Amino acid sequence: MNKFPKTPMLAKDSRIRANDGLAFLEKELEKVDSKLLEPLDATLWPRDMPVKTGGGFIENIAAIAVEYASTGGAEGDGNLMFDNANDIPVMQANFDKTIWRVFNWAEYWTLSYIQKEKFKKLARNAEDILTKGIHKHFDQFCDTNVYKGFTKVGTTGLLNNANITRADAANNAANTSSAWEDKSADEILADVNDILSKVWAANEMAEDALPNHILIPVEQFGSIVTRKVGTTGDKSILTYILENNITTQQGKKLVISPCKYCKGIGTNSADRMVAYINKAEMVEFEMTAPLHRWETERVNLSYKTPFVAQISEVKFKYPTTVRYVDGI
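Residue positions within a chain follow its written sequence, with the count starting from 1. Where local features are concerned, this predicted model is filtered to residues with pLDDT of at least 70; where side-chain atom pairs are given and counted, the filter is 80 or more; whole-chain, interface and lining totals use all residues. Excluded from the side-chain calculations are hydrogens and water; all other atoms, namely the structure's heavy atoms, are used.

Thoughts on a nonpolar patch on the surface
A contiguous nonpolar patch, built from Ile 64, Val 66, Tyr 68, Met 91 and Phe 95 and spanning about 610 Å² of accessible area, is present on the exposed surface. Sorting the residues of the nonpolar patch by element identifies β2 (60-70) and β3 (91-112) as the ones contributing at least two each. Labels follow the DSSP assignment, with helices taken as runs of H or I lasting at least four residues and strands as runs of E lasting at least two, numbered in each case from the N terminus. Per-element accounting of the nonpolar patch gives the leading share, three residues, to β2. Along the chain, Tyr 68 falls in strand β2. Residues with no salt bridge and a relative accessible area higher than 30% make up the patches, which join like charges within 9 Å and nonpolar side chains (Val, Leu, Ile, Met, Phe, Trp, Tyr) within 5 Å. All accessibility values rest on the Shrake-Rupley procedure with a 1.4 Å probe; residue burial counts only the protein chains present in the view. Between Lys or Arg on one side and Asp or Glu on the other, a salt bridge is scored when a side-chain nitrogen of the former is within 4 Å of a carboxyl oxygen of the latter.

Spelled out as structure tokens, the structure:
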């Protein structure tokens, strides 16, 4: 069998250089998308938690609570006056102080002079990219603080506070399942109205104590959006619930939102539903020192720019206005 002669080394080198030239040409013809592809993520705490800003760097946050009591009795019938009565009931006020902790947060980016010059050739601003990364990381920090708290410092969030009343979802009479995927629209509505009514009743049916916000796992939210009710099947279970819940019937608006942190955060890793009043008067956290940039240092031919902030743990001003239901 005849064999092809070996390619001379010179010819081989020429071919390599030719290929390199083609690669260079392809590089020259390359179109680079001007939009930087950033990670896909979401921080939803601004939707679900009021925040109060300002105050500067402090040691802690305190609030004074008052409880009223009268020698005339809770019903006030002891205040009834009769002829020759000389015993007038006395109003008393008991005060209690609650303290919430605050936490400092800090992060910096560093960039050498050479790196900064290289980025100029890419028509991108390295400082802007790194600064945006710090802002996104701080948002994630706030997200964790709002929903779960931090095990490292022993705090909890909106979804897992031990002082909040918790109950298990009622079983489906047909198959003893409490999961919403096994329940009808009316059974799911009953679960929602049960948690709303119990929060309301626990607060003497005060006008401002009717929950206006419910958080549920993403999967359960998708289920009640997809599944239909009615003979014509033109209405989702979510719409049915929003039209027929206690809050709506009292002339207020109920919001039901998906929350990724609700999945598995309940007792024994159960999925959790949370009902609460999304108002600063009831629950909030404080950003006493919003994230801001401090003075840039120049060290060893590099820029070093720190960012600092201070926030508080979640402040449950009225814990009875929040309630958990597990196993939905």
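After that view, the rundown keeps rolling.
Details of the packing of aromatic side chains
Given two aromatic rings, their pairing is described by the distance between the two centres and the angle made by the two planes. Two rings belonging to Phe, Tyr or Trp (six-membered ring only in the last case) form a pair when the distance between their centres is within 6.5 Å. Interplanar angles under 30 degrees mark stacking, angles over 60 mark edge-to-face geometry, and anything in between is tilted. Evaluation of the coordinates by the stated rule reveals seven aromatic pairs. Summarising the aromatic geometry, the rings of Phe 141 and Phe 150 are spaced 5.0 Å apart at their centres and angled 20 degrees between planes, so their arrangement reads as stacked. Only protein chains enter the accessibility calculation, which uses a 1.4 Å probe; a residue is then buried when its area is under 20% of its type maximum, exposed when over 50%, and partly exposed in between. Phe 150 sits in the buried class, given a relative accessible area of 19%. Site record: aromatic cluster; members linked through ring pairs are Trp 105, Phe 138, Phe 141 and Phe 150. Taking the ring centre of Tyr 108 as reference, the NZ or CZ of Lys 304 above it sits at 4.5 Å. Lysine and arginine charges are scored as sitting over a ring when NZ or CZ, respectively, is within 6 Å of the ring centre and within 35 degrees of the ring normal.

Description of the pattern of salt bridges
If you walk through the whole model with that rule in mind, you get 16 salt bridges. Taking the shortest distance from any N to any O, the salt bridge between Lys 132 and Glu 38 comes out at 3.0 Å. Taken together, the residues span a long stretch of sequence, with Lys 132 in helix α4 (residues 126-147) and Glu 38 in the loop between α1 (9-28) and α2 (45-48) at a distance of 94 residues. Residue Lys 317 pairs with Glu 284 through a salt bridge whose shortest N-O separation is 3.0 Å. Placement of Lys 317 in the loop between β14 (315-316) and β15 (323-326) and of Glu 284 in strand β10 (residues 283-287) is noted, with a sequence separation of 33 residues between them. Where salt bridges share partners, they join Lys 52, Glu 284, Glu 286, Lys 315 and Lys 317 into one cluster.

What about the sheet that holds strand β1 (residues 51-53)?
Strand pairing is defined by DSSP finding a minimum of two bridges between the two strands. Taking strand neighbours across the sheet as the criterion, the three strands line up as β1-β10-β14 in an open arrangement whose pairing is mixed. Looking at which strands have only one partner, the edges of the open sheet turn out to be β1 and β14. Inspection of the sheet shows β1 paired to β10 by three bridges, in the parallel sense. Bridge pairing in β10 links Val 51 to Phe 285.

Topic: the environment of Thr 248
Within the secondary structure, Thr 248 sits in helix α8 (residues 246-249). Spatially, the C-alpha atoms of Thr 248 and Asn 212 are 8.9 Å apart, while their sequence positions differ by 36 residues. Note on contacts: a residue pair is in contact if any heavy atoms of the two residues lie within 4.5 Å. Apart from the residues within four sequence positions on either side, Thr 248 is in contact with Leu 242, Glu 243 and Leu 254. Pairs of N or O atoms within 3.5 Å make up the polar contacts considered here, provided that, within protein, one atom can donate a hydrogen while the other can accept it, and that residues adjacent in sequence are counted only when both atoms are side-chain atoms. In terms of polar contacts, Thr 248 uses its side chain to reach the backbone carbonyl oxygen of Leu 242, at 2.9 Å.

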